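# Breakdown of the fold
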Amino acid sequence: MHRAELEATAQAMVADGKGILAADESNATMTKRLEAVGVESTAESRRSFRGLMFTAEGAADHISGVIMYDETIRQATDDGTPFPEFLANEGILPGIKVDTGAKPLAGFPGETVTEGLDGLRDRLSEYRELGGRFAKWRAVIRIDSDLPTRGCIAANAQALARYAALCQEAGIVPIVEPEVLMDGGHTVDRSEEVTTAVLRAVFGELAGQRVLLEAVVLKPNMLVSGYDCPEQAGVEEVAERTLVCLRRVVPAAVPGIAFLSGGQSDERAAAHLDAMNAIGNVPWELTFSYGRALVAAPLRAWSGDTSKVADAQAAFLQRARCNAAARMGAYAESMEHELVA
Ligand code: 13P
């Protein structure tokens, strides 16, 4: 195992003042996002949009790494520089989503298991050749009155651990993402109960598969009230509860935790991250690995109009700056907060 390199990569992913851009939507998801702003989804429109974010001047000041999709890691900037090469030259780590999606879990109606282990060793070796230095695998856990089941949690935790071990063997840092969905009518108490159980299972399996925790980045959900719950926990409560849960279950050897945004508003995603960093006193870095909370604003600003590229880049950089400030617990004081509010 390339231990020193892996640990250095993991630390660079969660470096001070920076976070990760998740630009790894599957073609199906990206098509939905593009069509919502009136843009036809083609390989070229997907390349154009992602390229404008990657090439925004100064992105590297706030972005430590970019997670790409299989199509994206093989694409290039307008002047023909392969995306991974361009990003690496800017000092941004190229990353790659390697799971093949959440599929129905046999025998467990309403639940999924994330697939993609078959052939993963060979795919990781190709991605490493293409410049990939870290990877992502997202498990999806849904809360409902009698969900999740133990069977679903166990299957997903096992797959995450097998993926993580294969990544490290290939010299690639695994982002371990067990996402407990924020959708639903559940309370914040229930989110805490389920997230705690899921993370316990995941860290048990990581130990069982001999994964080096110093070279893992955890990508969890925050503990929020389900979006349809009539009682919504406030920013401070979300921050405190999330840290209480993480302190209980995440070993101090893990270098950093990079949260997903999960459909929260841009403002909320930044405010929660800021509040957690303001509380601090934790053994890991706390940063972001946002998709929607970074990408939605530039996508709206661009809407497929080539004359709006500069506006879209400005919108992207503003979100990146806000979250980079939040990642240091300095969002509330930042001028950007005024601009976004
Ligand atoms: P969101 O921030 O939109 O939840 O996406 C992050 C991600 O990568 C989900 O896998």
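Scroll up a little and you will see the structure.
Here is a short report on the structure shown in this document. Position labels on residues start from 1 in each chain and follow its written sequence. Side-chain atom pairs in this predicted model are given and counted only at pLDDT of 80 or more, local residue features only at pLDDT of at least 70, and totals for whole chains, interfaces and linings cover all residues. To get the side-chain values, all heavy atoms of the structure are used, and hydrogens and water are removed first.

So, on to the layout of surface pockets. Here the term cavity refers to a set of points on a 1 Å grid, laid over the protein atoms alone, in which a 1.4 Å probe fits but cannot get out; the term pocket refers to an open set having protein on both sides within 12 Å along at least five of seven lines, with lining residues being those that place an atom within 4 Å of a point. Grid points are joined across faces, edges and corners, and a volume is the space filled by probe spheres set on the points. Roughly 640 Å³ of internal volume is contained in the largest pocket. Starting at the N terminus, helices and strands are each numbered in turn, a helix being any DSSP run of H or I of at least four residues and a strand any DSSP run of E of at least two. Of all the elements in the fold, those that place two or more residues in the lining of the largest pocket are α2 (27–36), β6 (134–141), β7 (173–180) and β10 (285–290). Of the residues in the lining of the largest pocket, the class split is six nonpolar, nine polar and 12 charged. Of the volumes computed, that of the second largest pocket is approximately 250 Å³. Along the wall of the second largest pocket there are 13 residues; nearest its centre are Ser48, Asp78, Trp302, Thr306 and Val309. Sorting elements by how many residues they give to the lining of the second largest pocket places helix α3 (residues 43–54) first, with five residues. Side-chain classes follow a simple rule in which Ala, Val, Leu, Ile, Met, Phe, Trp, Tyr, Cys and Pro form the nonpolar group, Asp, Glu, Lys and Arg form the charged group, and the remainder, Gly included, forms the polar group.

Attention shifts here to helix α1 (residues 3–13). Looking only at α1, the buried set comprises Leu6, Glu7, Thr9, Ala10 and Met13. Mapping the buried residues of α1 onto a view down its axis gives an arc of 160 degrees, with all of them on the same face. Exposure categories follow from relative accessible area, calculated using a 1.4 Å probe and restricted to protein chains: below 20% of the type maximum is buried, above 50% is exposed, and the middle band is partly exposed. Picture the helix axis, draw a direction to every C-beta atom, and the arc is the one those directions span.

Geometry is summarised by axes, namely lines fitted to C-alpha atoms with helices restricted to the contacting stretch, and by angles between N-to-C directions that run from 0 to 180 degrees. For the pair α3 and helix α5 (residues 83–90), the least separation of the axes is 11 Å and the interaxial angle reads 10 degrees. In terms of axis orientation, α3 runs roughly parallel to α5. Taken together, the residues of α5 that come into contact with α3 (itself represented by Arg47, Gly51 and Phe54) are Phe83, Phe86 and Leu87. Here the residues of the contact of α3 with α5 sort into four nonpolar, one polar and one charged. Just so you know how the angles are binned, under 35 degrees is roughly parallel, over 145 roughly antiparallel, 65 to 115 roughly perpendicular, and the rest oblique. Two residues form a contact once any of their heavy atoms are found within 4.5 Å.

This part is about the side chain of Ser41. With respect to the secondary-structure elements, Ser41 resides in the loop between α2 and α3. By relative accessible area, Ser41 is classed as buried at 17%. A distance of 2.8 Å separates the side chain of Ser41 from the side chain of Thr31, its partner in a polar contact. When residues no more than four places from it in sequence are discounted, the contact partners of Ser41 are Asn27, Met30, Thr31, Leu34 and Arg46. For this analysis, a polar contact is any N or O atom pair within 3.5 Å, provided that within protein one partner can donate a hydrogen and the other can accept it, and provided that sequence-adjacent residues contribute only side-chain to side-chain pairs.

Moving on: unusual backbone geometry. The omega torsion across Leu147 and Pro148 is 5 degrees, close enough to zero to call that bond cis. Summarising the element assignment, Pro148 is placed in the loop between β6 and α7 (150–169). Of note, Arg210 is a non-glycine position whose phi angle comes to about 60 degrees, a positive value. Inspection of the secondary structure assignment puts Arg210 in the loop between α8 (188–208) and β8 (217–218). Under the relative-accessibility criterion, Arg210 is labelled exposed at 76%. The phi dihedral of Ser303 is positive, around 45 degrees, even though this residue is not glycine. Here Ser303 lies in the loop between α11 (292–302) and α12 (309–326). Residue Ser303 is classed as partly exposed on the basis of its relative accessible area, which comes to 32%.

To continue, consider the sheet that holds β8. Ordered in space as β1-β2-β3-β6-β7-β8-β9-β10, the eight strands form a closed barrel in which the pairing is parallel. Sheet topology places strand β2 (residues 63–68) next to strand β3 (residues 93–97); four bridges connect them, and they run parallel. The residue of β3 that forms the bridge with Gly65 is Leu93. Together, β1 (19–23) and β2 form the strand contacts of α3, whose direction differs from that of β1 by roughly 170 degrees. Here α7 sits on the sheet in contact with β6 and β7, set at roughly 175 degrees to β6. Strand pairing is assigned whenever DSSP identifies at least 2 bridges connecting the two strands.

Any Lys or Arg side-chain nitrogen located within 4 Å of an Asp or Glu carboxyl oxygen qualifies as a salt bridge. One pass over the full model with this rule turns up 23 salt bridges. One salt bridge in this structure joins Arg46 and Glu71, with 2.7 Å as the shortest N-O distance. Taken together, the residues span a long stretch of sequence, with Arg46 in helix α3 and Glu71 in helix α4 (residues 70–73) at a distance of 25 residues. Note on accessibility: Arg46 and Glu71 belong to one class, buried. Between Glu126 and Arg74 there is a salt bridge, with the nearest N and O atoms lying 2.9 Å from each other. Taken together, the positions of Glu126 in helix α6 (residues 120–129) and Arg74 in the loop between α4 and α5 put the pair 52 residues apart, joining distant regions of the chain. Assessed through its relative accessible area of 36%, Glu126 is described here as partly exposed. Several salt bridges share partner residues, and in doing so they unite Asp189, Glu192, Glu237, Arg241 and Arg248 into one network.

In these notes, residues near a molecule or strand are those with any non-hydrogen atom within 4 Å of it. As a matter of local geometry, the ligand sits amid 13 residues, with Lys136, Lys219, Ser261, Gly262 and Arg292 nearest to it. At 2.9 Å, a side-chain N or O of Glu177 approaches an oxygen atom of the ligand. Between Arg292 and the ligand, the recorded distance is 2.7 Å, taken from a side-chain N or O atom to an oxygen atom. Where accessible areas are quoted, they stem from the Shrake-Rupley method and a 1.4 Å probe; at the residue level, only the protein chains shown are allowed to cover. Computed on the free molecule, the ligand has an accessible area of 300 Å², of which 92% lies beneath the protein chains in the complex. When each cavity is represented as a set of grid points, the ligand is found to reside in the largest pocket. For the shell around the ligand, the secondary structure elements donating two or more residues are β6 and β10. A class-by-class count of the residues in the shell around the ligand yields three nonpolar, four polar and six charged. To qualify as sitting in a cavity or pocket, a molecule needs more than half of its atoms within 2 Å of the grid points.

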